[in-house]
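As a plain string of letters, each chain reads:
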Amino acid sequence: MSAEWVCVQRQQDECRRYLDQFKVLDHPLKQSTITVLESRGTRSGKVPVAANGISLGSSNTAAMSAATLSLDPLSIAFDGSDPLSQFAKQQVTSLGKDPLSRMAAEMEGALPVAKSTALGSRSSLSRSKEPTNLLELDLIEPWAARRGAILNKYTTSEKLSIVTSFLTGGETIKPQTTMSEKVKYRLEQLDDFDEGSVRQMLDLSQQEYVVKIEQLNHELVQAWNQDQRVKALKIAIQCSKLLSDTSVIQFYPSKFVLITDILDIFGRLVYDRLRTKADYVHPGTREMTSLPENFTPDMVPESAKETCQNWFYKIASIRELLPRLYVEIAILRCYSFLAQDEFGLALRRLTKMIRGIGDPLVAIYARCYLCRVGMSLTLDRTYISENLDDILMIYHTIFNGGIRSEIARHRITLNGYASLYLPALDWILQGVAILTTDNQLDDILQRCKEKKNPALLLQSMMQSFRSDFIASRATHFVQILSTISVEGLSRGQLFRLLGSILSHTPPPAEQRLSVLSSAMKAITSLGNVEEFMQCAEMWAQYTSQHFGLKEVDIFLGSVLQQMAPKRIYEQHYHELQVITDKIVSNAQDVHGILALDNFLPLLDLFQKESIKLEVCKNILTSYRNATACDNAIINDPVVTNALMYISRVLNDSVNALTGEDERRQISGLICHFIRKVDFGRDFEQQLAFYVEARSVLSNLDTALSTLIHSVNRLATSTRRIVKGQHTQKTAAFVKACAAYCFITIPSIIDVRTRMELYLQSGQVALLNVCLQHADSCFEAAINLIPEVPRTVENDGKVHSTEGFIKTFIVNLLSTLVIVPDNPTQGVLYLLRLLLEVVPKYPFEPTSDILSSIYLHVLDFLSVAAQEVYPYHIVNVISNDELYGSDPKFIAEVNELCCTVCDKLLQHLKVLLESNALRAQSQLALDLLLKIITGADLSVDKMFTLTVHLWNLAVKNRTAIEAKQLQTVIQYTEHLAQVTQLESQRQCLWMLLERMKSRK
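Residues numbered from 1 in each chain as written. Predicted model: local features only at pLDDT ≥ 70, side-chain atom pairs only at ≥ 80, totals over all residues. Heavy atoms only, no water.

### Quick notes on the overall build of the protein
Logical step 1: Tallying secondary structure elements over the protein gives 45 helices and 8 strands in all.
Logical step 2: In the protein, buried positions account for 48% of the 999 residues.
Logical step 3: The contacts in the protein between residues at least 6 apart in sequence include a share of 72% that link residues at least 24 apart.
Logical step 4: Surface accessibility of the protein: about 49500 Å² in total, with carbon and sulfur atoms responsible for 52%. (Helix = DSSP H or I, 4+ residues; strand = E, 2+ residues; numbered from the N terminus. Buried < 20%, exposed > 50% of the residue type's maximum accessible area, 1.4 Å probe, protein only. Contact = heavy atoms within 4.5 Å. Areas by Shrake-Rupley, 256 points an atom, 1.4 Å probe, with all protein chains shown as cover.)

As structure tokens, this is what we get:
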């Protein structure tokens, strides 16, 4: 049946429904509690419980008699505590918190009293244990942290050789039954080694060499596990002999690392073997006990001491000096079985023995291994100082004629040869610096400085000594580095290292400027652009952290001066990028940095697009990080232009192949910059900036959206300043803002974003009484509805856009209520256009969104027919004032209501044919509510239609909730009580009787 909708006049408060009010004694969010008596794990009685669940009246929480419990089922099941707390409570009552703790407790209970006491005293000693060696002081970088860097740095492409007798298969082991046979067999093994069973493997690549060394390591462990001690010792000796080979000299530090790893394993195997043979009977017991960690030699049985001495005798019988030294150093820890203070004597003796090694490179690495092992054994540092004295004594030999001819034969430079000493020298100097006073370090510095070609020593000192010591003497170091002979190393390398140290540990404030000036003067005079850039890369952070804009600008000017000639900057893009990043990220005034005279010229040096893009992105990222947490704004045109230039670079890099994440990241950086620009009350300059930004940022939808939001905010701020009363000048300005938005929105690709921006821009234009612009925006938004795709993909998931369409139209309708009609377009032109366009959207056949939209249109029309609208905008004459409830206007509204109602009735028929009972009943109830709220029920057709709709809903009452029917009855009764029209009231009471009779 067709509808004859006649809108009824109502007071604004008639249709409002108020929630029932009733008084409560407790806060509604307060947790409900109950008291449980004699529940699981409880006994009778009352125990007070605090708010946090902690018992107040009893110390035994496991025996609570009453507990305040949450009503939630899990809490009831676990007597008021969560499952983890319940399990923990059960475990606390059973000798420990975990199985190991329970086992330990049971074992302790079974131990004799004397043993328990001994164990207790020992554990108390271990808790208050003091450091027993230098490594336990945690004042030195562990060797393990250096190992990987050495292996990565010192590599070679030359062929290597290895001498061994253990990589071609196992040896035949003859059975020995008597002690004399064992001795004879071991002597035969040693004789076999001496008489030439070793083999030499040649032409090994570095990777093959490393594999062979790993095989030797495996052979050593396997031989030891098979009780072949002599074979294990022979492998250790042969590995040590490899360290005398310097035929591939540039690989020597890595070889040292690999070989000493094997020797460390050998030393640990020997020590652990002696520990197992040194079990002793603890006083007061009859059981054999392992030696404690801090055992003394008097606790070691004589048999173990004899075995230990035998090991040292075997090693002492090795003829060659180098393997004898390395193997003894490897088992040096075993001296703890023999004498209390043997470490210091042995270390000093071995230090003197190393003097017999002629090659300075081999000797310094032997000293390095001795110091490394010694630092793990004792707190004594005397032997480290003696080793440094010996190094300084023979330091001049590194640069003598014989060494120069040797490195020439190896075809490496003197700088490359000198760098081979650094790992060993760094470790030794780091050991010297432990617990050393500044005066002692000054003495070492003075001694090193007096040597010929001291650059190698100074570099190692700066890498090893405390950074605060170097920073406090920064001026002195700059002076030394500027004047010393640097043969063997480059001066730029030394200044680069000093800059790195001062960047993290700055010198005293009074020295900082002089240090920078002197250092930059020396760096600039190096005469080598590559060295200059390497130094500038490190000194950039120091300059930006501790100095103002003037010094930073001078620093950038020095870089530009070095880079300008002959396009040399093309070879140093990486260094330029690092300098730029450090200057911006560490700057105290990032706005000032961007305004420097030399900053943009520095950016112009990046001619390669990919690198320039990365640099600009890093600059904007640093800017965002520096300004994210403050209210700093940009109003300096120079800074604005600099950031606009950077934003242009990022925008131009975006194309069809740019990934979504990259696009989102770039958009976020640019939008942050746009939001930071604020010229205060100079709104015209602000709008001019947005116009320029629009021309620059044409490839990024998010940036354009931010510009439109910013312009709308600008127009709103203008209205707020003039308090809604525009002058001729401000009216022209807000119209310019509206025109800006209307022109910019079509550049955005996403349809939904365009619709939302049109709606927002139209609302702002309406707020500023720009009626023509508002109509154009609303019309454009409505015409975009058919272009919205049915589904969109977001984060890999497909989502329907029907919900967006409904939300958008509801928002639009609430705005159209106060939009006056255009006299040239007719009554409710925009609503008619909406009703024409909405069905063109591809709704799902089973969707109820379209009918929901029509119901909201009925709400809109019901309001449009009222004499006074519920809200207005100042200076905007809405249709209630424009038409004054003119009968022709009301007739147009009623006609539209009938059209929309008929569409809903047709949809009800479709639902009936498809047997969608629940959707049909729900739509019938919704339409019934709209009719009794906004239509005149004295019209027979409408009253009859309302009764039919109720009957249809009641007929399918099983498909909907019974409470919903009751709510509709209550609302109808509320309307009957508050309505002012007598005829409408009577019809509502009649309808109410019909409804109750059919319920």
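### As for the packing of helix α24 (residues 529–546) against helix α26 (residues 573–585)
For any two helices packed against each other, the geometry comes down to the angle between their axes and how far apart the axes lie.
Logical step 1: Between α24 and α26, whose axes approach to 8 Å, the crossing angle comes to 5 degrees. Put simply, α24 runs roughly parallel to α26. For the pair α24 and α26, the contacting residues are M533, A536, E537, M538, A540, Q541 and S544 in the first and H574, E575, L576, V578, I579, K582 and I583 in the second.
Logical step 2: Of the residues in the contact of α24 with α26, the class split is 8 nonpolar, 3 polar and 3 charged. (Axes fitted to C-alpha atoms, helices over the stretch in contact; angles between N-to-C directions. Parallel < 35°, antiparallel > 145°, perpendicular 65-115°, else oblique. Nonpolar A, V, L, I, M, F, W, Y, C, P; charged D, E, K, R; others polar.)

### Looking at helix α29 (residues 609–627)
Logical step 1: The end-to-end C-alpha distance of α29 is 27 Å, a good match for the 27 Å that 19 residues give at a rise of 1.5 Å each.
Logical step 2: For α29, the set of buried residues is I611, K612, L613, V615, C616, K617, I619, L620, S622, Y623 and T627.
Logical step 3: In this structure, the buried residues of α29 make contact with α26, α27 (590–594), α28 (599–604), α30 (637–652) and α31 (660–676). (Expected span 1.5 Å × (residues − 1).)

### As for the pattern of salt bridges
Logical step 1: For the coordinates displayed, the defined rule picks out 27 salt bridges.
Logical step 2: Note that D468 and R466 form a salt bridge whose closest N and O atoms lie 3.4 Å from each other.
Logical step 3: Close ionic contact of E982 with R985 constitutes a salt bridge, the shortest N to O distance being 2.3 Å. Of the two residues, E982 and R985 both sit in helix α45 (residues 982–998), 3 residues apart, roughly one turn of that helix.
Logical step 4: Judged by relative accessible area, R985 falls into the partly exposed class, the value being 21%.
Logical step 5: Salt bridges here are not isolated pairs; linked through shared partners, they connect D438, D442, R466, D468 and R473. (Salt bridge = Lys/Arg side-chain N within 4 Å of Asp/Glu carboxyl O.)

### Focus: the pairing of strand β8 (residues 797–800)
Logical step 1: Relative to β8, strand β7 (residues 791–794) is paired through 4 bridges, and the arrangement is antiparallel. Bridged to N794 within β8 is K797.
Logical step 2: Between β7 and β8, which pair antiparallel and follow one another directly, the connecting turn spans 2 residues, one of which, D795, has a positive phi of 55 degrees. (Pairing = 2+ DSSP bridges.)

### Description of empty space enclosed by the protein
Logical step 1: Applying the stated criterion across every chain yields a total of 2 cavities of 30 Å³ or more.
Logical step 2: The calculated volume of the largest cavity comes to roughly 60 Å³.
Logical step 3: The wall of the largest cavity is formed by P360, A363, I364, R367, I391, I394, Y395, I398 and Y421.
Logical step 4: Top element by residues in the lining of the largest cavity is helix α13 (residues 360–375). It accounts for 4 residues.
Logical step 5: Here the second largest cavity defines a volume of roughly 50 Å³.
Logical step 6: Lining the second largest cavity are N712, A715, V734, C737, A738, C741, S761, V764, A765, N768 and C770.
Logical step 7: Looking at the lining of the second largest cavity, the elements that each hand over two or more residues are α33 (701–721), α34 (728–744) and α35 (751–767).
Logical step 8: No other element matches the 4 residues that α34 contributes to the lining of the second largest cavity.
Logical step 9: Residues belonging to the lining of the second largest cavity are distributed by class as follows: 8 nonpolar, 3 polar and no charged. (1 Å grid on protein atoms, 1.4 Å probe; cavity = no way out; pocket = protein on both sides within 12 Å on 5 of 7 lines; lining within 4 Å. Points joined across faces, edges and corners; volume = space filled by probe spheres on them.)

### Considerations on unusual backbone geometry
Logical step 1: You will see that R411, though not glycine, has its phi angle at about 60 degrees, which is positive.
Logical step 2: Mapped onto the elements of the fold, R411 is located in the loop between α15 (401–409) and α16 (414–419).
Logical step 3: Given the relative accessible area of 70%, R411 is considered exposed.

### With respect to the side chain of N217
Logical step 1: One can find N217 in helix α7 (residues 206–225).
Logical step 2: Those residues within four positions of N217 in sequence are excluded, and the remaining contacts are I262 and I265.

### Observations regarding the packing of aromatic side chains
Logical step 1: Under the counting rule described, the total for this entry stands at 26 aromatic pairs.
Logical step 2: With 6.3 Å between their ring centres and 90 degrees between their planes, W224 and F266 make a pair best called edge-to-face. Within this pair, whereas W224 is found in helix α7, its partner F266 is found in helix α9 (residues 252–277), the two being separated by 42 residues in sequence.
Logical step 3: A residue is classified by how much of its surface remains accessible, and W224, at 7% relative accessible area, is buried.
Logical step 4: Here F266 falls in the buried class, since its relative accessible area comes to 0%.
Logical step 5: Pairing F256 with Y369 gives two aromatic rings, centres 6.4 Å apart and planes at 85 degrees, and the pair type is edge-to-face. Of this pair, F256 sits in helix α9 while Y369 sits in helix α13, and the two are 113 residues apart along the sequence. Both residues of the pair, F256 and Y369, belong to the buried class.
Logical step 6: Of the aromatic side chains, those joined through ring pairs into one cluster are W143, Y252, F256, Y326, Y365, Y369 and W427. (Phe/Tyr/Trp six-rings, centres within 6.5 Å; stacked < 30°, edge-to-face > 60°.)

### Here we look at the environment of D203
Logical step 1: With respect to the element layout, D203 can be found in strand β4 (residues 199–204).
Logical step 2: Once the C-alpha coordinates of D203 and L160 are considered, the two residues, 43 residues apart in sequence, prove to be 5.5 Å apart.
Logical step 3: Here D203 is in contact with K159, L160 and E208, once residues within four sequence places are set aside.

### Remarks on the side chain of D880
Logical step 1: Mapped onto the secondary structure, D880 falls in helix α40 (residues 879–883).
Logical step 2: Here Y869 takes part through its backbone nitrogen, which lies 3.0 Å from a polar atom of the side chain of D880.
Logical step 3: Among all residues touching D880, those that are not within four sequence positions of it are Q866, E867, V868, Y869, H872 and S885. (Polar contact = N/O pair within 3.5 Å; in protein donor to acceptor, adjacent residues only side chain to side chain.)

### As for the nonpolar core
Logical step 1: Residues F266 and W539 are the most contacted members of the largest nonpolar core, which totals 309 residues.
Logical step 2: Looking at this core element by element, the count peaks at 13 residues for α9.
Logical step 3: Counting contributing residues per domain, this core is built from domain 1 (147–168 + 197–279 + 295–340) and domain 2 (343–434), each supplying no fewer than three.
Logical step 4: Among all residues touching W539, those that are not within four sequence positions of it are F495, L498, G499, L502, V515, L516, A519, I523 and F555. (Core = buried A, V, L, I, M, F, W, Y, C linked by side-chain atoms within 4.5 Å. Domains from an automatic or database assignment.)

### A few points about the packing of helix α5 (residues 143–153) against helix α17 (residues 422–433)
Logical step 1: In contact at an axis separation of 12 Å, α5 and α17 are set at 165 degrees when each is read in the N-to-C sense. One element, α5, and the other, α17, form an angle in the roughly antiparallel class. The hand of the α5/α17 crossing is right-handed. Between α5, through W143, R146 and I150, and α17, the contact on the second element is made entirely by P423, D426, W427 and Q430. (Left-handed = near helix turned anticlockwise from the far one by under 90°.)

### Digging into α35
Logical step 1: Over its 17 residues, α35 runs 24 Å from end to end, which matches the ideal 24 Å to within 8%, given 1.5 Å per residue.
Logical step 2: All of the buried residues along α35 are V751, R754, M755, L757, Y758, L759, S761, G762, V764, A765 and L766.
Logical step 3: If you follow the buried residues of α35, they end up packed against α33, α34, α36 (771–783) and α37 (802–816).
Logical step 4: Directly beyond the C-terminal end of α35, a positive phi value near 60 degrees is found at V769.

### Considerations on the state of the cysteines
Two cysteines, two sulfur atoms, one covalent bond between them: this is a disulfide.
Logical step 1: For the coordinates displayed, the defined rule picks out 0 disulfides.
Logical step 2: With no disulfide partner, C368 has as its closest neighbouring cysteine sulfur the one in C371, 7.2 Å distant.
Logical step 3: Residue C368 is classed as buried on the basis of its relative accessible area, which comes to 0%.
Logical step 4: In this structure C897 is not part of a disulfide, and its nearest cysteine sulfur, from C7, lies 3.7 Å away. (Disulfide = S-S within 2.5 Å.)

So far we have only geometry, and geometry alone does not tell us how the molecule works.
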